[in-house]
Amino acid sequence: MSSWAAAAEVLRAQRIETPSWAYGNSGTRFKVFAQRGIPRDPYEKIDDAAKVHELTGVAPSIALHIPWDRVEDFGALGRYAADRGIELGAINPNVFQEDDYRLGSLCNPDPGVRRKAVDHLLECVEIGRVTGSGVLSVWMADGTNYAGQDNIRARQDRLHEGLREAYDRMPENMRLLLEYKFFEPHFYTMDVPDWGTSFAQCLRLGERAQVLVDTGHHAPGTNIEFIVAVLLREGRLGGFHFNSRNYADDDLIVGAADPFQLFRIMHELVSAGGLDPAANVAFMLDQCHNLEPKVPAMIRSVLNVQEATAKALLVDAGALARAQAEGDVLGANAVVMDAFNTDVRPRLAELREDMGLDPDPIAAYHRSGYQERIEAERTGGAAMGWGA
Ligand code: PSV
Ligand code: MN
Ligand code: MN
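These figures come from a predicted structure and were not determined experimentally. (Residues numbered from 1 in each chain as written. Chains lettered and ligands numbered in written order. Predicted model: local features only at pLDDT ≥ 70, side-chain atom pairs only at ≥ 80, totals over all residues.)

## Some details on the overall build of the chain
Line of reasoning, step 1. Along the backbone of the chain there are 14 helices and twelve strands.
Line of reasoning, step 2. In terms of overall dimensions, the chain is globule-like: its C-alpha atoms have a radius of gyration of 21 Å, near the 21 Å expected for 388 residues.
Line of reasoning, step 3. By its C-alpha atoms, the chain is 55 × 55 × 40 Å across when sized along the principal axes.
Line of reasoning, step 4. A total of 388 residues make up the chain; the buried ones form 46% of that total. (Helix = DSSP H or I, 4+ residues; strand = E, 2+ residues; numbered from the N terminus. Rg over C-alpha atoms; globule rule 2.2 N^0.38 Å. Buried ≥ 20, exposed ≤ 12 C-beta atoms within 10 Å, placed from the backbone.)

Rendered as C-alpha coordinates:
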(Lines give C-alpha, C1' and ligand atoms only; values in the text may rest on other atoms or scores of the structure.)
(Ligands and ions follow the chains in the order given, each with its own letter.)
Protein backbone atom coordinates (compact mmCIF):
# COMPACT_ATOMS: atom_id res chain seq x y z
CA MET A 1 0.00 0.00 0.00
CA SER A 2 1.36 3.43 -0.69
CA SER A 3 -1.43 5.93 -1.38
CA TRP A 4 -2.33 8.04 1.62
CA ALA A 5 -6.05 7.75 0.90
CA ALA A 6 -5.89 3.98 1.26
CA ALA A 7 -3.67 4.27 4.32
CA ALA A 8 -6.10 6.71 5.91
CA GLU A 9 -8.93 4.19 5.60
CA VAL A 10 -6.90 1.60 7.49
CA LEU A 11 -5.89 4.14 10.14
CA ARG A 12 -9.50 5.16 10.71
CA ALA A 13 -10.39 1.55 11.41
CA GLN A 14 -7.40 0.81 13.64
CA ARG A 15 -8.21 -0.34 17.20
CA ILE A 16 -5.73 -0.08 20.07
CA GLU A 17 -6.73 -1.41 23.48
CA THR A 18 -5.48 0.28 26.63
CA PRO A 19 -4.78 -1.65 29.88
CA SER A 20 -6.69 -0.83 33.07
CA TRP A 21 -3.54 -1.30 35.16
CA ALA A 22 -1.70 1.50 33.38
CA TYR A 23 -4.14 4.04 34.82
CA GLY A 24 -3.22 3.07 38.39
CA ASN A 25 -0.12 3.87 40.41
CA SER A 26 3.01 1.93 39.53
CA GLY A 27 6.74 1.95 40.05
CA THR A 28 9.54 -0.49 40.65
CA ARG A 29 10.33 -2.72 43.59
CA PHE A 30 12.19 0.26 45.02
CA LYS A 31 9.28 2.67 45.10
CA VAL A 32 5.76 3.11 43.81
CA PHE A 33 5.10 6.80 43.30
CA ALA A 34 1.61 7.97 44.11
CA GLN A 35 0.10 10.39 41.62
CA ARG A 36 -2.88 12.65 42.14
CA GLY A 37 -6.10 11.87 40.33
CA ILE A 38 -5.51 8.11 40.19
CA PRO A 39 -8.69 6.05 39.65
CA ARG A 40 -10.05 4.51 42.81
CA ASP A 41 -11.98 1.67 41.18
CA PRO A 42 -12.53 0.01 37.79
CA TYR A 43 -15.25 2.52 36.94
CA GLU A 44 -12.82 5.41 37.15
CA LYS A 45 -10.28 3.48 35.07
CA ILE A 46 -12.99 3.19 32.44
CA ASP A 47 -13.51 6.97 32.62
CA ASP A 48 -9.81 7.48 31.86
CA ALA A 49 -9.80 4.95 29.03
CA ALA A 50 -12.91 6.63 27.59
CA LYS A 51 -11.10 9.98 27.67
CA VAL A 52 -8.19 8.47 25.72
CA HIS A 53 -10.63 7.14 23.13
CA GLU A 54 -12.59 10.39 22.95
CA LEU A 55 -9.39 12.26 22.04
CA THR A 56 -7.70 9.70 19.78
CA GLY A 57 -10.70 7.98 18.18
CA VAL A 58 -8.84 4.65 17.96
CA ALA A 59 -8.78 3.26 21.52
CA PRO A 60 -12.32 1.94 22.03
CA SER A 61 -11.65 -0.79 24.60
CA ILE A 62 -9.99 -1.40 27.94
CA ALA A 63 -8.35 -4.64 29.10
CA LEU A 64 -9.25 -5.83 32.59
CA HIS A 65 -7.05 -7.60 35.14
CA ILE A 66 -8.73 -9.90 37.64
CA PRO A 67 -8.83 -9.58 40.67
CA TRP A 68 -7.58 -5.98 40.40
CA ASP A 69 -10.73 -5.06 38.46
CA ARG A 70 -13.17 -7.44 40.09
CA VAL A 71 -16.63 -5.94 40.64
CA GLU A 72 -19.91 -7.39 41.85
CA ASP A 73 -21.67 -6.99 38.52
CA PHE A 74 -19.60 -7.20 35.34
CA GLY A 75 -22.72 -6.69 33.24
CA ALA A 76 -23.17 -3.31 34.91
CA LEU A 77 -19.48 -2.50 34.37
CA GLY A 78 -19.92 -3.28 30.67
CA ARG A 79 -22.96 -1.01 30.46
CA TYR A 80 -21.05 1.74 32.25
CA ALA A 81 -18.30 1.42 29.64
CA ALA A 82 -20.77 1.35 26.75
CA ASP A 83 -22.39 4.56 28.03
CA ARG A 84 -18.97 6.18 27.74
CA GLY A 85 -18.34 4.85 24.24
CA ILE A 86 -15.96 2.02 24.98
CA GLU A 87 -16.00 -1.76 25.47
CA LEU A 88 -14.47 -4.15 27.95
CA GLY A 89 -11.64 -5.97 26.22
CA ALA A 90 -9.23 -8.76 27.10
CA ILE A 91 -9.59 -10.45 30.46
CA ASN A 92 -6.19 -10.97 32.15
CA PRO A 93 -6.15 -13.56 34.94
CA ASN A 94 -3.73 -13.08 37.81
CA VAL A 95 -2.03 -16.28 38.97
CA PHE A 96 1.13 -14.74 40.31
CA GLN A 97 0.42 -12.62 43.36
CA GLU A 98 -0.43 -15.13 46.07
CA ASP A 99 1.84 -17.12 48.37
CA ASP A 100 0.34 -20.35 47.04
CA TYR A 101 2.01 -19.63 43.71
CA ARG A 102 5.59 -19.69 45.04
CA LEU A 103 6.39 -22.78 42.94
CA GLY A 104 4.08 -21.86 40.09
CA SER A 105 0.41 -21.81 39.19
CA LEU A 106 -0.66 -24.12 36.34
CA CYS A 107 2.77 -25.80 36.47
CA ASN A 108 2.96 -26.15 40.26
CA PRO A 109 3.89 -29.66 41.47
CA ASP A 110 1.00 -29.49 43.97
CA PRO A 111 -2.31 -30.54 42.35
CA GLY A 112 -4.24 -28.40 44.86
CA VAL A 113 -2.48 -25.24 43.76
CA ARG A 114 -2.97 -26.18 40.12
CA ARG A 115 -6.69 -26.62 40.80
CA LYS A 116 -6.85 -23.16 42.35
CA ALA A 117 -5.07 -21.61 39.34
CA VAL A 118 -7.30 -23.39 36.83
CA ASP A 119 -10.40 -22.34 38.78
CA HIS A 120 -9.26 -18.75 38.51
CA LEU A 121 -8.87 -19.11 34.74
CA LEU A 122 -12.36 -20.60 34.57
CA GLU A 123 -13.69 -17.66 36.58
CA CYS A 124 -12.05 -15.33 34.06
CA VAL A 125 -13.67 -17.21 31.18
CA GLU A 126 -17.04 -16.66 32.85
CA ILE A 127 -16.30 -12.97 33.37
CA GLY A 128 -15.37 -12.74 29.71
CA ARG A 129 -18.63 -14.43 28.78
CA VAL A 130 -20.58 -11.78 30.69
CA THR A 131 -18.55 -8.86 29.33
CA GLY A 132 -18.53 -10.23 25.79
CA SER A 133 -14.72 -10.17 25.76
CA GLY A 134 -13.15 -12.02 22.88
CA VAL A 135 -9.78 -12.58 24.54
CA LEU A 136 -8.55 -14.50 27.57
CA SER A 137 -5.00 -13.21 27.90
CA VAL A 138 -2.81 -15.55 29.94
CA TRP A 139 0.57 -14.62 31.37
CA MET A 140 2.02 -16.75 34.11
CA ALA A 141 5.01 -16.13 36.33
CA ASP A 142 5.72 -19.87 36.49
CA GLY A 143 9.28 -21.09 36.36
CA THR A 144 12.22 -22.35 38.39
CA ASN A 145 15.39 -20.82 39.77
CA TYR A 146 17.78 -23.77 39.93
CA ALA A 147 18.76 -26.73 37.80
CA GLY A 148 16.88 -29.78 39.01
CA GLN A 149 14.31 -27.77 40.98
CA ASP A 150 11.48 -29.38 39.03
CA ASN A 151 10.97 -31.52 35.96
CA ILE A 152 10.80 -29.27 32.89
CA ARG A 153 8.74 -31.71 30.81
CA ALA A 154 6.31 -32.51 33.60
CA ARG A 155 5.69 -28.78 34.00
CA GLN A 156 4.86 -28.52 30.29
CA ASP A 157 2.37 -31.39 30.72
CA ARG A 158 0.73 -29.68 33.69
CA LEU A 159 0.59 -26.45 31.74
CA HIS A 160 -1.21 -28.17 28.91
CA GLU A 161 -3.73 -29.79 31.25
CA GLY A 162 -4.59 -26.48 32.90
CA LEU A 163 -4.87 -24.55 29.67
CA ARG A 164 -6.93 -27.35 28.14
CA GLU A 165 -9.58 -26.95 30.83
CA ALA A 166 -9.79 -23.21 30.31
CA TYR A 167 -9.78 -23.56 26.52
CA ASP A 168 -12.58 -26.12 26.54
CA ARG A 169 -14.70 -23.84 28.72
CA MET A 170 -14.36 -20.80 26.46
CA PRO A 171 -17.35 -19.64 24.43
CA GLU A 172 -17.04 -19.84 20.65
CA ASN A 173 -16.17 -16.15 20.27
CA MET A 174 -13.27 -16.28 22.73
CA ARG A 175 -9.58 -16.84 22.01
CA LEU A 176 -6.89 -17.84 24.48
CA LEU A 177 -3.74 -15.79 23.97
CA LEU A 178 -0.64 -17.22 25.64
CA GLU A 179 2.01 -14.64 26.46
CA TYR A 180 5.67 -15.56 26.79
CA LYS A 181 8.53 -13.93 28.67
CA PHE A 182 12.11 -15.12 28.74
CA PHE A 183 12.91 -14.36 32.39
CA GLU A 184 11.53 -12.82 35.58
CA PRO A 185 10.34 -13.56 38.17
CA HIS A 186 12.28 -16.80 37.60
CA PHE A 187 15.85 -16.91 36.50
CA TYR A 188 16.64 -20.49 35.46
CA THR A 189 13.56 -21.58 33.50
CA MET A 190 10.33 -19.84 32.69
CA ASP A 191 7.60 -22.28 31.68
CA VAL A 192 6.62 -20.13 28.70
CA PRO A 193 9.87 -18.35 27.91
CA ASP A 194 9.53 -17.86 24.17
CA TRP A 195 7.23 -17.87 21.17
CA GLY A 196 8.18 -21.44 20.31
CA THR A 197 6.92 -22.79 23.62
CA SER A 198 3.77 -20.71 23.42
CA PHE A 199 3.23 -21.82 19.82
CA ALA A 200 3.70 -25.51 20.74
CA GLN A 201 1.20 -25.22 23.60
CA CYS A 202 -1.27 -23.38 21.35
CA LEU A 203 -0.99 -26.01 18.60
CA ARG A 204 -2.02 -28.70 21.06
CA LEU A 205 -4.98 -26.69 22.30
CA GLY A 206 -6.66 -25.78 19.04
CA GLU A 207 -7.18 -22.98 16.56
CA ARG A 208 -8.49 -20.47 19.06
CA ALA A 209 -5.25 -20.59 21.03
CA GLN A 210 -2.72 -18.09 19.74
CA VAL A 211 0.55 -16.47 20.74
CA LEU A 212 0.66 -13.07 22.40
CA VAL A 213 3.79 -11.05 21.67
CA ASP A 214 4.73 -8.60 24.43
CA THR A 215 7.40 -6.47 22.82
CA GLY A 216 9.27 -6.10 26.14
CA HIS A 217 9.63 -9.81 26.77
CA HIS A 218 12.60 -10.72 24.59
CA ALA A 219 16.33 -10.97 25.05
CA PRO A 220 18.20 -7.92 23.76
CA GLY A 221 18.78 -8.11 20.03
CA THR A 222 15.87 -10.46 19.33
CA ASN A 223 14.36 -9.83 15.90
CA ILE A 224 10.72 -9.43 16.95
CA GLU A 225 9.43 -8.69 13.46
CA PHE A 226 10.74 -12.05 12.30
CA ILE A 227 8.67 -13.75 15.03
CA VAL A 228 5.68 -11.68 13.94
CA ALA A 229 6.12 -12.71 10.31
CA VAL A 230 6.36 -16.41 11.17
CA LEU A 231 3.38 -16.38 13.53
CA LEU A 232 1.23 -14.52 11.03
CA ARG A 233 2.13 -17.07 8.39
CA GLU A 234 1.00 -19.85 10.73
CA GLY A 235 -2.22 -18.04 11.68
CA ARG A 236 -1.13 -17.97 15.32
CA LEU A 237 -0.41 -14.32 15.99
CA GLY A 238 -3.12 -13.54 18.50
CA GLY A 239 -2.04 -10.08 19.43
CA PHE A 240 0.44 -7.73 20.99
CA HIS A 241 1.25 -6.17 24.27
CA PHE A 242 3.02 -3.05 23.07
CA ASN A 243 5.52 -1.22 25.22
CA SER A 244 9.18 -0.40 24.86
CA ARG A 245 12.28 -1.51 26.63
CA ASN A 246 15.88 -0.51 26.98
CA TYR A 247 16.94 -3.29 29.34
CA ALA A 248 14.34 -5.86 30.40
CA ASP A 249 10.57 -5.76 30.94
CA ASP A 250 10.72 -1.97 31.24
CA ASP A 251 7.08 -1.35 30.24
CA LEU A 252 7.93 2.12 28.92
CA ILE A 253 5.82 3.98 26.38
CA VAL A 254 5.62 2.08 23.09
CA GLY A 255 7.82 3.57 20.39
CA ALA A 256 9.85 5.55 22.93
CA ALA A 257 12.99 3.41 23.09
CA ASP A 258 13.04 2.17 19.51
CA PRO A 259 10.50 3.66 17.07
CA PHE A 260 12.28 1.93 14.19
CA GLN A 261 11.61 -1.49 15.71
CA LEU A 262 7.93 -0.64 16.09
CA PHE A 263 7.84 0.44 12.44
CA ARG A 264 9.52 -2.80 11.34
CA ILE A 265 6.93 -4.82 13.25
CA MET A 266 4.14 -2.80 11.64
CA HIS A 267 5.72 -3.28 8.22
CA GLU A 268 5.57 -7.06 8.63
CA LEU A 269 1.94 -6.78 9.70
CA VAL A 270 0.98 -4.58 6.77
CA SER A 271 2.75 -6.74 4.22
CA ALA A 272 1.03 -9.91 5.53
CA GLY A 273 -2.47 -8.42 5.89
CA GLY A 274 -2.16 -8.39 9.68
CA LEU A 275 -4.11 -5.13 9.98
CA ASP A 276 -7.16 -6.56 8.22
CA PRO A 277 -10.01 -7.09 10.71
CA ALA A 278 -10.18 -10.68 9.38
CA ALA A 279 -6.66 -11.36 10.71
CA ASN A 280 -8.05 -10.63 14.18
CA VAL A 281 -4.76 -9.46 15.66
CA ALA A 282 -5.37 -7.70 18.99
CA PHE A 283 -3.36 -4.50 19.39
CA MET A 284 -3.07 -3.96 23.11
CA LEU A 285 -0.81 -1.80 25.22
CA ASP A 286 0.87 -3.14 28.35
CA GLN A 287 2.70 -0.34 30.05
CA CYS A 288 3.37 1.20 33.43
CA HIS A 289 3.78 4.95 33.64
CA ASN A 290 5.86 5.30 36.76
CA LEU A 291 6.83 8.96 36.50
CA GLU A 292 4.66 10.50 33.83
CA PRO A 293 0.98 11.45 34.18
CA LYS A 294 -1.12 8.46 33.16
CA VAL A 295 -3.75 9.73 30.76
CA PRO A 296 -1.53 11.88 28.52
CA ALA A 297 1.06 9.07 28.58
CA MET A 298 -1.58 6.73 27.25
CA ILE A 299 -2.59 9.21 24.57
CA ARG A 300 1.09 9.51 23.56
CA SER A 301 1.32 5.71 23.36
CA VAL A 302 -1.72 5.43 21.10
CA LEU A 303 -0.33 8.17 18.84
CA ASN A 304 3.04 6.39 18.65
CA VAL A 305 1.39 3.17 17.45
CA GLN A 306 -0.64 5.18 14.97
CA GLU A 307 2.45 6.95 13.60
CA ALA A 308 4.36 3.68 13.16
CA THR A 309 1.34 2.16 11.44
CA ALA A 310 0.97 5.14 9.12
CA LYS A 311 4.63 4.90 8.08
CA ALA A 312 4.33 1.18 7.45
CA LEU A 313 1.26 1.79 5.30
CA LEU A 314 3.31 4.20 3.20
CA VAL A 315 5.82 1.55 2.13
CA ASP A 316 5.54 1.33 -1.66
CA ALA A 317 4.70 -2.37 -1.90
CA GLY A 318 5.06 -2.52 -5.69
CA ALA A 319 8.49 -0.87 -5.70
CA LEU A 320 9.57 -3.11 -2.83
CA ALA A 321 8.47 -6.28 -4.61
CA ARG A 322 10.30 -5.22 -7.77
CA ALA A 323 13.49 -4.43 -5.91
CA GLN A 324 13.30 -7.75 -4.06
CA ALA A 325 12.69 -9.72 -7.26
CA GLU A 326 15.67 -8.02 -8.88
CA GLY A 327 17.88 -8.75 -5.91
CA ASP A 328 18.36 -5.02 -5.45
CA VAL A 329 19.45 -5.02 -1.82
CA LEU A 330 19.99 -1.29 -1.47
CA GLY A 331 16.91 -0.41 -3.50
CA ALA A 332 14.63 -2.60 -1.40
CA ASN A 333 16.01 -1.21 1.81
CA ALA A 334 15.62 2.34 0.47
CA VAL A 335 11.91 1.78 -0.18
CA VAL A 336 11.39 0.75 3.43
CA MET A 337 13.56 3.56 4.81
CA ASP A 338 11.77 6.18 2.71
CA ALA A 339 8.55 5.26 4.43
CA PHE A 340 10.13 5.24 7.87
CA ASN A 341 11.68 8.66 7.29
CA THR A 342 8.39 10.25 6.22
CA ASP A 343 6.94 12.71 8.73
CA VAL A 344 3.37 11.46 8.97
CA ARG A 345 2.31 13.81 11.76
CA PRO A 346 0.73 16.52 9.54
CA ARG A 347 -1.27 13.87 7.65
CA LEU A 348 -2.44 12.26 10.87
CA ALA A 349 -3.49 15.67 12.18
CA GLU A 350 -5.60 16.16 9.04
CA LEU A 351 -7.06 12.69 9.38
CA ARG A 352 -8.11 13.46 12.96
CA GLU A 353 -9.82 16.66 11.85
CA ASP A 354 -11.59 14.60 9.24
CA MET A 355 -12.73 12.25 11.98
CA GLY A 356 -14.08 15.20 13.97
CA LEU A 357 -11.22 15.09 16.46
CA ASP A 358 -8.76 17.69 17.65
CA PRO A 359 -5.62 17.44 15.47
CA ASP A 360 -3.45 17.48 18.61
CA PRO A 361 -4.97 15.10 21.19
CA ILE A 362 -2.40 15.85 23.89
CA ALA A 363 -2.92 19.61 23.69
CA ALA A 364 -6.67 18.96 23.67
CA TYR A 365 -6.27 16.90 26.85
CA HIS A 366 -4.40 19.68 28.62
CA ARG A 367 -7.05 22.21 27.55
CA SER A 368 -9.93 19.95 28.58
CA GLY A 369 -9.59 20.46 32.34
CA TYR A 370 -9.93 16.68 32.85
CA GLN A 371 -6.65 16.35 34.77
CA GLU A 372 -7.59 19.17 37.16
CA ARG A 373 -11.00 17.62 37.68
CA ILE A 374 -9.79 14.11 38.51
CA GLU A 375 -7.11 15.50 40.82
CA ALA A 376 -9.77 17.45 42.71
CA GLU A 377 -12.40 14.70 42.77
CA ARG A 378 -10.44 11.50 43.27
CA THR A 379 -9.30 11.51 46.83
CA GLY A 380 -9.08 8.75 49.37
CA GLY A 381 -7.41 5.70 47.90
CA ALA A 382 -6.02 4.17 44.76
CA ALA A 383 -7.21 1.29 42.64
CA MET A 384 -5.56 -2.11 42.91
CA GLY A 385 -2.84 -2.92 40.45
CA TRP A 386 0.94 -3.14 40.29
CA GLY A 387 1.11 -0.42 42.94
CA ALA A 388 -1.13 -2.27 45.38
C1 PSV B 1 4.51 -9.15 33.78
O2 PSV B 1 5.68 -9.37 33.05
C3 PSV B 1 3.55 -8.43 32.92
O4 PSV B 1 4.21 -7.24 32.51
C5 PSV B 1 3.10 -9.24 31.69
O6 PSV B 1 3.56 -8.59 30.54
C7 PSV B 1 1.61 -9.20 31.74
O8 PSV B 1 1.01 -9.09 30.50
C9 PSV B 1 1.38 -7.97 32.58
O10 PSV B 1 2.39 -8.05 33.56
C11 PSV B 1 0.04 -7.92 33.23
O12 PSV B 1 -0.20 -9.10 33.96
MN1 MN C 1 2.35 -8.19 28.85
MN1 MN D 1 5.68 -7.74 31.13
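## Remarks on the site of ligand 1
Line of reasoning, step 1. Asn 92, Trp 139, Glu 179, Lys 181, Asp 214, His 241, Asp 249 and Asp 286 make up every residue found near ligand 1.
Line of reasoning, step 2. The class makeup of the residues in the shell around ligand 1 is one nonpolar, two polar and five charged. (Near = placed C-beta within 6 Å. Nonpolar A, V, L, I, M, F, W, Y, C, P; charged D, E, K, R; others polar.)

## Focus on the pairing of strand 5 (residues 87-93)
Line of reasoning, step 1. Of all seven residues that make up strand 5, six are buried, and the element is covered over most of its length.
Line of reasoning, step 2. Across five bridges, the pairing between strand 4 (residues 61-66) and strand 5 is parallel. Pairing of Ser 61 across the sheet is with Glu 87, part of strand 5.
Line of reasoning, step 3. Each parallel crossover has a hand, and for strand 4 linked through helix 3 (residues 74-83) to strand 5 it is right-handed. (Pairing = 2+ DSSP bridges. Right-handed = clockwise from strand over helix to strand, strands pointing away.)

## Describing helix 8 (residues 259-271)
In an α-helix there are 3.6 residues to a turn, and that puts residues three or four apart on one side.
Line of reasoning, step 1. A rise of 1.5 Å per residue sets the reference length of helix 8, with its 13 residues, at 18 Å; its end C-alpha atoms lie 18 Å apart and thus fit the reference within 8%.
Line of reasoning, step 2. Those residues of helix 8 hidden inside the fold are in contact with helix 7 (224-233), helix 9 (294-313) and helix 11 (329-340).
Line of reasoning, step 3. Where helix 8 terminates, the next one or two residues include Gly 273, which has phi positive at roughly 75°. (Expected span 1.5 Å × (residues − 1). Contact = placed C-beta atoms within 7 Å.)

## Quick notes on the packing of helix 2 (residues 42-56) against helix 9
Line of reasoning, step 1. One way to put it is that helix 2 packs onto helix 9 with a least axis distance of 10 Å and a crossing angle of 45°. Here helix 2 is positioned oblique relative to helix 9, judged by the angle of their axes. Here helix 2 runs over helix 9; the crossing is right-handed. Mapping the contact onto sequence places Asp 48, Lys 51, Val 52, Leu 55 and Thr 56 in helix 2 and Lys 294, Val 295, Met 298, Ile 299, Val 302 and Leu 303 in helix 9.
Line of reasoning, step 2. Here the contact of helix 2 with helix 9 is built from residues that sort into seven nonpolar, one polar and three charged. (Axes fitted to C-alpha atoms, helices over the stretch in contact; angles between N-to-C directions. Parallel < 35°, antiparallel > 145°, perpendicular 65-115°, else oblique. Left-handed = near helix turned anticlockwise from the far one by under 90°.)

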